[in-house]
Amino acid sequence: MALFSLGTTSANSAEPVSFSLKVDETAVFFPTDASFDEKAGQWQVPIHGWVYEVEQSVVRKHAAAEVLEQKFELLLTAESEPIFSERVDLLLADNERGKRLWIRLCGEKFALNESEPNGHTHTMLSISADVASVCADAGYLHYQLLLSPEDTQQVTGRVRLLSHNGFSLISDIDDTVKITEVTHRERLLDNTFYQPFRAVPGMPAAYQRLAQNGVQLHFVSSSPWQLYPVLEAFREHVNFPDASYSLKYLRFRDSDFFNLFKSGEETKPQQIEALLQRFSGRQFILVGDSGEQDPEVYAQMLRQYPEQVLGFAIRLIDDSDQEARFEALMRGLDEKKALWFRDPERLPLFFASLQREP
């Protein structure tokens, strides 16, 4: 049996490396989860990257700031300008198609599939359990982008080796762990473009308690992939546990600043189902908020996957009466499998109660 094999690309590590990344282009790798194929004795290792060129158009950024000021009275200040520029640059970035990147993983070189029109590249590698056991570090495989000698970038990625069995937490981001105020357009835009990201008080500590008990975290969100770099910096800064991400693909030409966070009903069911199907032996709890459709989406998942979805928890983001809504969506479901909360300290206790269910 080969120690290494490639799932979706015909290139191999014997092929000469071709450096296709230009010095003005940037690559980022998103954290992913590997699943184990017991029959083959191999880890299925997804590599997901994005190749782009930062858009540094002063004219376009000024135009965006002007629209936000005229429509919503959001003023760009000297204090908020660096935040605004970083986030708008990412959203306006030029996606680079047709780029074939090379990585070094477990001492071997691999060519990734060419980047698509949206700049994303997806490749599935298969690595034997023996090799993974040697090169893994605390349950992770780490890899590095191969660059030309004159390129000073250091681009790395990580893959979590996720066991077939175990417990996982699928969490929304906006208004669940990060204060975004999605239901208020002006405050949504202010928090997204002008203000430092802020954690919901108590949520990092609650998620850390779950992680200390072996629960693995997966973020599933309607936030666009372009904001991953600042979302990951936020996660590290406020001390949320390590996580994989499932975000929304967005071509900025097809949208605008005011439609960045569309209904989760459009994307979340497919994102959640992909995790449930790929890790069919694991059990999940889903955590979201009452601002949009998380309760309806999660109740649907509980109905469809009762063996895998232990239950769900919804953070109440305002004082509105949600009783009729929750009564309707829980019809036919065990009410013990749902938690409506304002205090994040209730989450670990809720998870523990679900784990004890027969």
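Above: the structure in question.
Thresholds, definitions, all that
- Residues numbered from 1 in each chain as written.
- Predicted model: local features only at pLDDT ≥ 70, side-chain atom pairs only at ≥ 80, totals over all residues.
- Heavy atoms only, no water.
- Disulfide = S-S within 2.5 Å.
- Helix = DSSP H or I, 4+ residues; strand = E, 2+ residues; numbered from the N terminus.
- Phe/Tyr/Trp six-rings, centres within 6.5 Å; stacked < 30°, edge-to-face > 60°.
- Buried < 20%, exposed > 50% of the residue type's maximum accessible area, 1.4 Å probe, protein only.
- Contact = heavy atoms within 4.5 Å.
- Salt bridge = Lys/Arg side-chain N within 4 Å of Asp/Glu carboxyl O.
- Core = buried A, V, L, I, M, F, W, Y, C linked by side-chain atoms within 4.5 Å.
- Pairing = 2+ DSSP bridges.
- Axes fitted to C-alpha atoms, helices over the stretch in contact; angles between N-to-C directions.

Chemist: Can you break down the state of the cysteines residue by residue, with the values?
Modeler: By the definition in use, this model includes one disulfide. In this model, Cys 106 is linked to Cys 135 through a disulfide, with the two sulfur atoms separated by 1.9 Å. Of this pair, Cys 106 sits in the loop between β6 (102–105) and β7 (108–111) while Cys 135 sits in helix α3 (residues 129–135), and the two are 29 residues apart along the sequence.

Chemist: Let's hear about the packing of aromatic side chains: which residues, and what values?
Modeler: The tally for this structure, following the rule as stated, stands at 18 aromatic pairs. Considering the side-chain rings of Phe 29 and Tyr 143, the 5.0 Å spacing of their centres and the 75° angle between planes classify their relative orientation as edge-to-face. Placement of the pair is Phe 29 in strand β2 (residues 26–30) and Tyr 143 in strand β9 (residues 140–145), with a sequence separation of 114 residues. On the basis of relative accessibility, which here comes to 2%, the residue Tyr 143 falls in the buried class. Ring geometry for Tyr 228 and Tyr 245: centres 5.0 Å apart, planes at 85°, overall edge-to-face.

Chemist: Describe unusual backbone geometry, listing the residues and the values that go with them.
Modeler: With a phi close to 55°, Cys 106 is a non-glycine residue in the positive phi region. The phi torsion at Ala 138 lies on the positive side, around 55°, for a residue other than glycine. Note on placement: Ala 138 falls in the loop between α3 and β9.

Chemist: Lay out the side chain of Gln 208 with the relevant residues and their values.
Modeler: In this structure, Gln 208 sits in helix α5 (residues 203–212). You can call Gln 208 buried: its relative accessible area is 19%. Once you skip the residues sitting within four places of it in the chain, Gln 208 turns out to touch Asn 239, Phe 240 and Pro 241.

Chemist: For α5, give the residues involved together with the corresponding values.
Modeler: Within α5, burial applies to Met 203, Pro 204, Ala 206, Tyr 207, Gln 208 and Leu 210. Residues of α5 that are buried sit in contact with β11 (166–171), β12 (216–224), α6 (228–238), β14 (282–289), β16 (338–341) and α10 (346–355). Positive phi shows up at Gly 214, right after α5, with a value of about 90°.

Chemist: Explain the pattern of salt bridges to me, and be specific about the residues and the numbers.
Modeler: Counted under the stated rule, the structure contains 14 salt bridges. With a closest N to O distance of 2.9 Å, Lys 268 and Asp 172 form a salt bridge. In this pair, Lys 268 sits in helix α7 (residues 268–278) while Asp 172 sits in the loop between β11 and α4 (185–193), placing the two residues 96 residues apart along the sequence. For Lys 268, a relative accessible area of 4% gives the class buried. Arg 235 is the salt-bridge partner of Glu 236, the closest N and O atoms lying 3.8 Å from each other. One salt-bridge network, held together by shared partners, links Arg 158, Glu 232, Arg 235, Glu 236 and Asp 242.

Chemist: Just give me the short version of the nonpolar core, but keep the residues and values in it.
Modeler: Of all hydrophobic cores here, the largest spans 52 residues; its most connected members are Met 203 and Tyr 207. If you tally residues by element for this core, the top one is α6, at five residues. Setting aside chain neighbours within four positions, we find Tyr 207 in contact with Leu 169, Ser 171, Thr 176, Val 177, Leu 217, Phe 219, Phe 240, Pro 241, Val 287 and Leu 347.

Chemist: So what's going on with the sheet that holds β14? Residues and values would help.
Modeler: As a general point, the strands of a sheet are linked pairwise by backbone hydrogen bonds and lie either parallel or antiparallel. The six strands lie next to each other as β13-β12-β11-β14-β15-β16, forming an open sheet whose pairing is parallel. The open sheet has two free edges, formed respectively by β13 (243–248) and β16, since each of these has just one partner strand. Pairs of neighbouring strands in the sheet enclose a mean axial angle of 20°, with direction left out of account. Relative to β12, β11 runs parallel, the two sharing four bridges. Across the sheet, Leu 169 pairs through a bridge with Leu 217, a residue of β12. Against the sheet, α6 makes contact with β12 and β13, and its axis sits at roughly 145° relative to β13, the strand it touches most. Along the sheet, α7 contacts β11, β12, β13, β14 and β15 (309–315); its crossing angle with β12, the most-contacted strand, is approximately 155°.

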